[in-house]
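Examining the three-dimensional arrangement
Next come the chains, spelled out residue by residue.
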Amino acid sequence: MLDYDGTLAPFRVQAEKAVPYPGVRSILNKLLKGQRTRVVLISGRWTKDLIPLLGFDPLPEIWGSHGWERLRTDGTHQIAEFDERALIGLAEADRWVEEKGLADRCEHKPGCLALHWRGLTQEKIRGIHSKAITKWTLLAKKTGLMLSEFDGGLELRVPGRNKGYAVKTILAEMGNDSVAAYLGDDITDEDAFKAIKGKGLGILVRDEYRSTAADLWLTPPEELLEFLLRWHKTRGGGR
Ligand SMILES: [Mg+2]
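Every chain is numbered on its own, with residues counted from 1 as its sequence reads. Residues qualify for local features only when their pLDDT is at least 70, as the model is predicted, and side-chain atom pairs are given and counted only at 80 or more; totals for whole chains, interfaces and linings, by contrast, use all residues. To get the side-chain values, all heavy atoms of the structure are used, and hydrogens and water are removed first.

1. Quick look at the sheet that holds strand 1 (residues 40-42)
- Here four strands make up an open sheet; going across it, the order is 1-2-3-4 and the pairing mixed. Where the open sheet ends on each side, the last strands, each with one partner, are strand 1 and strand 4 (77-79). Pairs of neighbouring strands in the sheet enclose a mean axial angle of 10°, with direction left out of account.
- The sheet contact formed by strand 1 and strand 2 (residues 61-64) spans three bridges and is parallel. Across the sheet, the residue bridging to I42 is W63, located in strand 2. Whether two strands pair depends on DSSP finding at least two bridges between them. Only runs of H or I of at least four residues qualify as helices and only runs of E of at least two qualify as strands under DSSP, and these elements are numbered from the N terminus. An axis is simply a line fitted to the C-alpha atoms; with a helix, the fit covers only the stretch in contact. Between two such axes, the angle follows the N-to-C directions and lies from 0 to 180 degrees.

Shown next, in the form of structure tokens:
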């Protein structure tokens with residue numbers, strides 16, 4: 001199970017240009033074709049924004065929008081139902097973003113609104129952060145939305161699903177003798193690390209170490225590639 005941004009692909013100011021690190025596609029394509037490892041992407045992004053960047057063949061199963069969307073390998077796509085009150089909250093946050101002239105920094109996806117500031121000066125980031133945190137904290141209290149920070153922004157999410165939910169669902173579908181790992185970089189990946197604790201390996205993929213529930217720490221791309229290659233050799237049916 002793999003997060004995408006910051007894990008398989010380096011961050012880019014223009015998120016639509018964030019393609020995998022060189023070497024990632026070739027190893028994952030081998031794993032996908034070998035069919036002995038179930039490869040699942042679990043991302044905060046909307047699946048429709050993620051798919052054009054991947055270059056994986058065949059396409060793996062993808063969970064998008066922090067667990068709210070599931071796209072299976074047979075092409076079936078499910079979006080879970082959202083709480084009405086939370087949706088009203090998201091609409092209000094969206095209006096606020098428009099009013100403040102921040103619409104071009106805003107990412108819309110099922111059950112989530114994200115404000116991005118990657119590439120801005122520290123001063124501008126502080127300005128946006130202080131405005132947004134005040135308004136969105138109030139909104140979260142009023143409507144039950146969850147407010148969380150991620151690497152490069154802030155987001156409001158409908159509660160009830162997260163990456164941990166996706167990991168628990170996948171693990172429950174696999175046999176008890178399966179060997180599982182989850183690789184991720186961000187704060188939202190901590191739910192996934194907690195979900196896999198004791199059942200598989202949680203791996204923090206990041207240039208700098210931080211406090212985490214993961215079991216291992218790898219720096220990308222070299223150690224990430226080495227890990228994927230070793231997995232392919234030992235568990236990928238790798239000929
Ligand atoms: Mg990430």
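So much for the structure itself; the text now carries on.
2. So, the coordination of the magnesium ion
- Sodium, potassium and calcium take a 3.2 Å donor cutoff, other metals 2.8 Å, and in both cases only N, O and S atoms count; water is not among them, so sites may look incomplete. Ligation of the magnesium ion by protein atoms is provided by D3 (OD), D5 (O) and D185 (OD), these donors lying 2.1 to 2.2 Å from the ion.
- The sequence pattern describing where the donors of the magnesium ion fall on their chain is D-x1-D-x179-D. One end of the pair, D5, is in the segment before helix 1 (24-34); the other, D185, is in the loop between strand 9 (181-184) and helix 6 (190-196), and 180 residues separate them in sequence.
- Note on classification: 1.4 Å probe, protein chains only; a residue is buried when its accessible area is under 20% of the maximum for its type, exposed when over 50%, partly exposed between these limits. Its relative accessible area of 3% is what places D185 among the buried residues.

3. Observations regarding the side chain of R70
- Here R70 shows up in strand 3 (residues 69-71).
- In what follows, residue pairs with any heavy atoms lying within 4.5 Å of each other are defined as contacts. Not counting chain neighbours up to four residues away, the residues in contact with R70 comprise R38, E61, I62, W63, T76, H77, Q78, T169, I170 and E173.

4. Examining helix 5 (residues 163-173)
- Looking at helix 5, one finds that the buried residues are K163, G164, A166, V167, T169, I170 and L171.
- Where helix 5 is buried, its residues touch strand 1, strand 2, strand 3, strand 9 and helix 6.

5. Overview of the pairing of strand 5 (residues 106-109)
- With four bridges joining them, strand 5 and strand 6 (residues 112-116) adopt antiparallel strand pairing. Counterpart to K109 in the pairing with strand 6 is C112.
- Remark: two residues form the turn of the hairpin made by strand 5 and strand 6, two consecutive strands paired antiparallel; G111 in that turn has positive phi of roughly 75°.

6. Quick notes on helix 2 (residues 47-54)
- For helix 2, the complete set of buried residues consists of T47, L50, L53 and L54. Relative to the axis of helix 2, the buried residues are bounded by an arc of 125° and lie together on one face.
- On its buried face, helix 2 sits against helix 1, strand 1, strand 2, strand 3 and strand 4.
- Just beyond helix 2, the residue with positive phi is G55, at close to 70°. Within this analysis, the arc is defined by the directions that extend from the helix axis to the C-beta atoms.

7. Examining the sheet that holds strand 8 (residues 153-157)
- Read across the sheet, four strands follow the order 5-6-8-7 without closing on themselves; strand pairing throughout is antiparallel. Where the open sheet ends on each side, the last strands, each with one partner, are strand 5 and strand 7 (146-150). Strand after strand, the sheet turns through a mean of 20° between neighbouring axes, direction not considered.
- Two elements, strand 6 and strand 8, share five bridges in a ladder whose sense is antiparallel. Bridge pairing in strand 8 places A114 opposite E155.
- Docked against the sheet, helix 4 (residues 122-143) engages strand 6, strand 7 and strand 8, running at close to 15° with respect to strand 8.

8. Here's the deal with the side chain of T47
- Its location among the elements puts T47 in helix 2.
- In this structure T47 comes out as buried when scored by relative accessible area, which is 4%.
- In this structure, T47 is in contact with I62, W63, G64, E69 and H77, ignoring residues within four places of it in sequence.

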